Amino acid sequence: VAAAFFLTLREGLEAALIVGIIAAYVVKIGRRDRLPMVMAGVLAAVGLSLAIGATVVLTVGDLPIVLQESIEGGAGIIAVAVLTWMLFWMRRQGRALKGDLERGVDVALSQGSMLALAGLAFVAVAREGLETTLFMFAILSSSGTGLATLIGAILGLVIAVSIGWAIFVGGRRIDLRRFFTITGTILVFVSAGLVAFAIHEFGEAGLIANTGTAFNLGGVLPESSPLGALLSGLFGYRSAPTPLELIGYLAYLVPTLTLFVFDGRLPLRPKAVRA
Amino acid sequence: VFSPARRSIALTGLLFVGAIAACSGGATQAPSGSIGPSGSAGSAAPGSGGPINVGAREYAFDPSTLSIPAGEVTFHVTNTGTIEHEFEILNGETVVDEIEGLIPALEKDLKVTLAPGSYTYVCRLAGHEEAGMKGTLTVTGG
C-alpha cells in the first residue's frame, strides 16, 4: 500500500506543482477568466492518458520499451523547452509590473502565450499520465494486489493534487514579485530534473549511451523513502544518477539559474532568492 | 471555476477506476504459487511456450539463473517482497526491456524476443543490484 502510495505521489507531484503554479499565475495577473483553458489542458491530458492506456492494455498489453521511453523522454524535452520559455516570460512580465505589485494588474496575455501555458499544463500531466494509467491497470489486473493497494495508489494521486491545490491557494496570497522569484527558482530545478530524466529515458530506449554511476545515495536517501519520493517527484532527484544525467542536470541548472537570478536589468534581492 | 473542475477530475477518475475494478473482478484469477524455489536454476521446457515465472524480493530473484531457447518469451514477474522493485533484462549494459514500478504483490508480464547469448536481469533501484538482485539468463540458439 505504501509503495503504491509513494509511486503515484512521485508521478503526480511534478504535474501538480506545474499546474498549481500556472493556475496561480493566471489568477494573479487578473486573468481568472483564462483558468478554464488551463483546466482544459489538464483534462485533455488526463483523458488522453486514460484512452491511450486503455487501448494499450486491451491490445498489445504494454508499450514496447523503446516507444514508451522515447515518448516520455520527448515529452520531457518539450516540457523543458516550454518551462524555460515560461520562466523568462514570467520574469519579463514581473519586471514590467514595477510599482503595481500589490494589486493584481491585468497583464497583457496574448492568445499565443495563453495557449503555451495551457499546453504546458497538458504536457506536464500527459507526461506522467500514461505511465500512471498503465500502473493502475497493472494493479487492477494483478491477483496479488488487493483493494488496499488501489486505495494507496489513488491516495497518492489525491495527495499530489492537494499539494498542487495548496500551491495554487498559497501562491495567490504572496505578492507577485515574490511569487515570480520563488516559483521561478523552483521551476529551474524542476526543469533541470526533467533534462536528467529525459537523458535517462533516452538511455533506456537505447538511443544514447547512458551508463555508470556518478554517485550513489541509495543507502541514505532512496527514491522509495518519503523524502526521496518528494524530491524525486518535484525535482527529478535520483539517488544514483549516471555521469551523463548529472552533467545534463548541471549544464541546464547552472546557466539558467544564473541568468534567472542575476539577470542584469533588475537584480533580485538575495534574501528573496534564497526562499 | 477551478474548484468544481478539480472535483470533477477526481470524480471522473474514481468512477473510471471503479468501473474497471467491477469489470475485471472475475477475470483476475492468474495462476498463483508458481514461483520457483528460492535461488534455484530454472529453464523453460522446450517448446512449452508458457510464461517463465520470476519472483523479485529483497534482495534476489527467484530463480537467479535461467536458460531458455531463443525467440519470443514472456516473463511473468511477481514482487514477492515488501518494497518496490524492477525487472530489467540487460545485454551487457544495454536495457533490452524492463518492468518498472513493480510494487509488492504486483505481477506483470514482459514479452520480449531474445537472440541467443548471455544476458543478465537486475533491479536497478539504488543498491538493489549490489545487494544481490541480479540473475543470469542464457539464451540458447536454435
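What you see is a predicted model, and the numbers here were worked out from it, not measured in a lab.

(A) Structural context of the overall build of chain B. A count of helical and extended segments in chain B gives 1 helix and 10 strands. Mapped in sequence order, the helices and strands of chain B form the string α-β-β-β-β-β-β-β-β-β-β. In chain B, which comprises 142 residues, the share counted as buried stands at 40%. Once local pairs closer than 6 in sequence are excluded, the contacts in chain B between residues at least 24 apart make up 58%.

(B) Quick look at the confidence of the model for chain A. Residue and element names in this part refer to chain A. Here chain A averages 83 in pLDDT, while 88% of its residues score no lower than 70. Element-level mean pLDDT values for chain A span from 43 in helix H9 (residues 270–274) up to 92 in helix H8 (residues 243–261). Confidence over residues 101–105 falls short of pLDDT 50; this stretch has 9 contacts with residues more than four positions distant or in other chains. Note that pLDDT drops below 50 for residues 267–275; the model gives that stretch 12 contacts with residues more than four away or on any other chain.

(C) Seen up close, helix H6 (residues 176–204) of chain A. All names here are of chain A. Over its 29 residues, H6 runs 41 Å from end to end, which matches the ideal 42 Å to within 8%, given 1.5 Å per residue. Of all 29 residues that make up H6, 25 are buried, and the element is covered over most of its length. Two or three places before Arg178, at the opening of H6, Asp175 has a side-chain oxygen 3.2 Å from that residue's backbone nitrogen. Phi turns positive, to about 85 degrees, at Gly206, one or two residues after H6.

(D) The nonpolar core, seen in detail. Grouped together as the largest cluster of nonpolar side chains are 56 residues, with contacts concentrated most on A:Ile18, A:Ile22, A:Tyr25, A:Met86 and A:Leu117. When residues in this core are grouped by element, the largest group, 15 residues, is from helix H1 (residues 2–28) of chain A. Ignoring sequence-local partners within four residues, the contact set of A:Tyr25 consists of A:Trp89, A:Met90, A:Gln93, A:Leu117, A:Phe179 and A:Phe180. Core analysis: the second largest hydrophobic core is formed by 36 residues, A:Ala4, B:Leu114, B:Leu125 and B:Leu137 among them.

(E) Quick peek at the packing of aromatic side chains. Residues and elements named next belong to chain A. Scanning the model with the defined rule gives 12 aromatic pairs over all chains in all. Their ring planes at 80 degrees and their centres at 6.1 Å tell us that Phe88 and Phe260 sit as a pair that is edge-to-face. A residue pair is termed long-range when its members are at least 10 positions apart, and Phe88 in helix H3 (residues 65–97) and Phe260 in helix H8 qualify at 172 residues. Overall, Phe260 belongs to the buried group, its relative accessible area being 2%. The structure contains a cluster of three or more aromatic residues connected by ring pairs, namely Tyr25, Trp85, Trp89, Phe179 and Phe180. Here the basic side chain of Arg172 rests over the ring of Phe168, its NZ or CZ set 4.6 Å away from the ring centre.

(F) Expanded view of the packing of H6(A) against H8(A). Residue and element names in this part refer to chain A. The contact between H6 and H8 brings their axes to 8 Å, and the two run at 155 degrees. One finds that H6 runs roughly antiparallel with respect to H8. Regarding H6 and H8, the two cross each other, and that crossing is right-handed. Across the contact of H6 with H8, the residue classes break down as 13 nonpolar, 8 polar and 1 charged.

(G) Structural context of the environment of B:Pro69. Residues and elements named next belong to chain B. Structurally, Pro69 can be placed in strand E4 (residues 65–69). Spatially, the C-alpha atoms of Pro69 and Leu114 are 8.6 Å apart, while their sequence positions differ by 45 residues. When near neighbours in sequence (up to four residues on either side) are disregarded, Pro69 contacts Val139 and Thr140.

(H) Molecular detail of the pairing of strand E10 (residues 134–140) of chain B. Residue and element names in this part refer to chain B. Along E10, the buried face is formed by Gly135, Leu137 and Val139; none of Lys134, Thr136, Thr138 and Thr140, which line the opposite face, is buried. Direction of pairing for E4 relative to E10: parallel, over a ladder of 5 bridges. Its bridge partner being in E10, Thr65 is matched across the sheet by Thr136. The pairing of strand E9 (residues 117–122) with E10 spans 6 bridges and is antiparallel. When the bridges of E10 are listed, Thr120 appears paired with Thr136.

(I) Focus on unusual backbone geometry. A cis amide bond, omega -15 degrees, links B:Glu58 with the succeeding residue B:Tyr59. Within the secondary structure layout, B:Tyr59 lies in the loop between strand E2 (52–57) and strand E3 (60–62).

(J) Structural context of empty space enclosed by the protein. Residues and elements named next belong to chain A. A full pass over the atoms with the stated rule returns 2 cavities of 30 Å³ or more. Taken together, Met86, Leu87, Met90, Arg91, Phe180, Gly184 and Phe260 form the lining of the second largest cavity. For the lining of the second largest cavity, the secondary structure elements donating two or more residues are H3 and H6. Among the elements that take part in the lining of the second largest cavity, H3 stands out by supplying 4 residues, more than any other. Taken together, the residues of the lining of the second largest cavity sort by class into 5 nonpolar, 1 polar and 1 charged.

(K) Here's a closer look at the side chain of A:Glu11. Residue and element names in this part refer to chain A. Turning to its location among the elements, Glu11 is positioned in helix H1. The side chain of Glu11 is buried and forms no salt bridge, while Arg10, the nearest opposite charge, is found at 4.5 Å. Other than its neighbours up to four places away in sequence, Glu11 contacts Glu128, Glu131 and Thr132.

(L) Focus on the sheet that holds strand E8 (residues 107–114) of chain B. Residue and element names in this part refer to chain B. An order of E3-E2-E5-E8 is seen for the 4 strands of this open sheet, with the pairing classed as mixed. Two strands in the sheet have a free side with no partner beyond their single neighbour: E3 and E8. Pairs of neighbouring strands in the sheet enclose a mean axial angle of 30 degrees, with direction left out of account.

Cut-offs applied
Residues numbered from 1 in each chain as written. Chains lettered and ligands numbered in written order. Predicted model: local features only at pLDDT ≥ 70, side-chain atom pairs only at ≥ 80, totals over all residues. Heavy atoms only, no water. Helix = DSSP H or I, 4+ residues; strand = E, 2+ residues; numbered from the N terminus. Buried < 20%, exposed > 50% of the residue type's maximum accessible area, 1.4 Å probe, protein only. Contact = heavy atoms within 4.5 Å. pLDDT = per-residue confidence, 0-100. Expected span 1.5 Å × (residues − 1). Polar contact = N/O pair within 3.5 Å; in protein donor to acceptor, adjacent residues only side chain to side chain. Core = buried A, V, L, I, M, F, W, Y, C linked by side-chain atoms within 4.5 Å. Phe/Tyr/Trp six-rings, centres within 6.5 Å; stacked < 30°, edge-to-face > 60°. Lys NZ or Arg CZ within 6 Å of the ring centre and 35° of its normal. Axes fitted to C-alpha atoms, helices over the stretch in contact; angles between N-to-C directions. Parallel < 35°, antiparallel > 145°, perpendicular 65-115°, else oblique. Left-handed = near helix turned anticlockwise from the far one by under 90°. Nonpolar A, V, L, I, M, F, W, Y, C, P; charged D, E, K, R; others polar. Pairing = 2+ DSSP bridges. 1 Å grid on protein atoms, 1.4 Å probe; cavity = no way out; pocket = protein on both sides within 12 Å on 5 of 7 lines; lining within 4 Å. Points joined across faces, edges and corners; volume = space filled by probe spheres on them. Lys, Arg positive; Asp, Glu negative; His and termini not counted. Salt bridge = Lys/Arg side-chain N within 4 Å of Asp/Glu carboxyl O.

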